[in-house]
Amino acid sequence: MTDAAELRSRTRELLAAHPPATTEPLDFLKARFDAGLAWVHYPAGLGGLDVPRSLQAVVDAELTAAGAPDNDPRRIGIGLGMAAPTVLKYGTEEQKRRFLRPLWVGEEVWCQLFSEPGAGSDLAALGTRAVRDGDDWVIDGQKVWTSSAHLARWAILIARTDPGLPKHRGISYFICDMTDPGVEVRPLRQITGEAEFNEVFLTGVRIPDAHRLGEIGEGWKVAQTTLMNERVSIGGMRIPREGGMIGPVARAWRDRPELRTHDLHQRLLTLWVEAEVARLTGERLRQQLVAGQPGPEGSGMKLAFARLNQEISGLEVELLGQDGLLYSDWTMRRPELVDFTGRDAGYRYLRSKGNSIEGGTSEVLLNIVAERVLGLPAEPRNDKDVAWKDLAR
């Protein structure tokens, strides 16, 4: 049984064999993965050592103290937080060995081809078709709100394989090659002026059946693993006290006393407490993950994340007065990541509007919390047993 002491020893052996000061970052990350120190709770040979997730903190502390490079998790967050746990749970051994290592070291960026123009909140109503052709599937359709599609090498994709079944049952899950000539990525310019996400058109894209995850027609079940992990990765990120959006507001309050009013003080105190409660709840949620896969509780964290970000950024704009009305740069660009704390108040205010949409709309997440966490009666759904092809659209 590997314990904390042995993990420290393994980590120090890695550092001795590959000194961070003289080793190329990518080479170090590959060596770390091969040593089982990437995500220690993963199986041996796939970046882990089959030990409890809680022991990852032991490895991370040693590597941070030694100045070792990380894998830039914000840039590859979709791969780490959504694709990897899905591949691990449903992938074949060949798929796991092909995709997990380049994903973790950051050689290959991933994106998520789920939402569609006619199936956003009601994701199971998607209309992108996958038709079997020998050993391949031919994909035709359109996806939208796809973060990092302009950077991605691979995508996790759900498509309809049997329109004669009810909408949740005729879906299959695939790994899509974003370099296929049938994949067209177009930028979607946002309210911030940037295009961090995209719309993606799929025309005759051929995906080998070897790149299917899970059984044919069970894509919705596979997608639940992705979605549950997505909500935890968005709403349950580990941050220090006064980390995240509340940090800039608290600093502005301390540094500029001339901006203070009694009303703003009361609102700041309330939001500071709520942000701290959310941070500690996220820590408890991560501890629960040690025992298994994330459940619907992650939806509650994602709900709190969206609401707090929007309320805190609104308070910051009000606190800054005239300065809060300024926005530094409307340049159209396609960034590699979302940087809330490294930008100005105007960016935070505008970008946070998307928090209640991305990763599951707040309305859908409220339903999930009500039905799966609180056990309240489900909303009537008249389309559950109707074939997708017969639904009104």
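Data block above holds the structure.
In this text the structure is predicted, and so the values were computed from the model without any measurement. (Residues numbered from 1 in each chain as written. Predicted model: local features only at pLDDT ≥ 70, side-chain atom pairs only at ≥ 80, totals over all residues. Heavy atoms only, no water.)

Things to note about the side chain of Q95
Consideration 1: Take Q95: it is sitting in helix α5 (residues 93–105).
Consideration 2: A polar side-chain atom of Q95 sits 2.8 Å from the main-chain amide nitrogen of T92.
Consideration 3: Contacts of Q95, omitting those with residues within four sequence positions, involve V87, Y90, L100, A210, H211, R212 and L213. (Helix = DSSP H or I, 4+ residues; strand = E, 2+ residues; numbered from the N terminus. Polar contact = N/O pair within 3.5 Å; in protein donor to acceptor, adjacent residues only side chain to side chain. Contact = heavy atoms within 4.5 Å.)

Observations regarding the packing of helix α1 (residues 4–17) against helix α3 (residues 56–65)
The relative placement of two packed helices comes down to the angle between their axes together with the axis-to-axis distance.
Consideration 1: Running from amino to carboxyl end, α1 crosses α3 at an angle of 35°, the nearest separation of the two axes being 9 Å. Crossing of α1 against α3: the hand is right-handed. Contacts between α1 and α3 involve A4, L7, R8, T11, R12, L14 and L15 on the former and, on the latter, V58, V59, E62 and L63.
Consideration 2: By residue class, the composition of the contact of α1 with α3 is seven nonpolar, one polar and three charged. (Axes fitted to C-alpha atoms, helices over the stretch in contact; angles between N-to-C directions. Left-handed = near helix turned anticlockwise from the far one by under 90°. Nonpolar A, V, L, I, M, F, W, Y, C, P; charged D, E, K, R; others polar.)

Examining the nonpolar core
Consideration 1: Core analysis: the largest hydrophobic core is formed by 39 residues, its most contacted members being W39, L100, W104, W110, F114, I158 and Y173.
Consideration 2: Put simply, the parts of the chain that give this core at least two residues each are α2 (25–34), α4 (77–90), α5, β4 (154–160), β5 (171–177) and α6 (219–235).
Consideration 3: Among the elements that take part in this core, α4 stands out by supplying eight residues, more than any other.
Consideration 4: Not counting chain neighbours up to four residues away, the residues in contact with W104 comprise L29, R32, F33, A38, W39, N71, I76 and L80. (Core = buried A, V, L, I, M, F, W, Y, C linked by side-chain atoms within 4.5 Å. Buried < 20%, exposed > 50% of the residue type's maximum accessible area, 1.4 Å probe, protein only.)

Examining the packing of α2 against α5
Consideration 1: Relative orientation of the contacting elements α2 and α5 amounts to 135°, with a least axis distance of 9 Å. As judged from the angle between their axes, α2 and α5 are oblique. Along this stretch, α2 crosses α5, giving a crossing that reads as right-handed. Residue-level contacts link L26, L29, K30, R32, F33 and D34 of α2 to L100, R101, W104 and V105 of α5.
Consideration 2: Split by residue class, the contact of α2 with α5 holds six nonpolar, no polar and four charged. (Parallel < 35°, antiparallel > 145°, perpendicular 65-115°, else oblique.)

Here's the deal with the pattern of salt bridges
Consideration 1: Within this structure, the stated rule accounts for 36 salt bridges.
Consideration 2: E274 is the salt-bridge partner of R307, the closest N and O atoms lying 2.7 Å from each other. Taken together, the positions of R307 in helix α9 (residues 297–319) and E274 in helix α8 (residues 262–289) put the pair 33 residues apart, joining distant regions of the chain.
Consideration 3: Exposure remark for E274: the relative accessible area of 26% places this residue in the partly exposed category.
Consideration 4: A network of salt bridges, in which partner residues are shared, links E194, D329, R333 and R343. (Salt bridge = Lys/Arg side-chain N within 4 Å of Asp/Glu carboxyl O.)

Overview of α5
Consideration 1: Here α5 contains 13 residues, and its C-alpha end-to-end distance of 19 Å stays within 8% of the 18 Å for a straight helix at 1.5 Å per residue.
Consideration 2: At F99, α5 shows its largest bend, some 25°, and a proline, P102, comes one to four positions later.
Consideration 3: Burial in α5 covers these residues: Q95, K96, F99, L100, P102, L103, W104 and V105.
Consideration 4: Buried residues belonging to α5 abut α2, α4, β1 (110–113), β4, β5 and β8 (212–213).
Consideration 5: Looking one or two residues beyond α5, the residue adopting positive phi is G106, at roughly 90°. (Expected span 1.5 Å × (residues − 1). Bend = angle between axes of the 7 residues up to and from the residue.)

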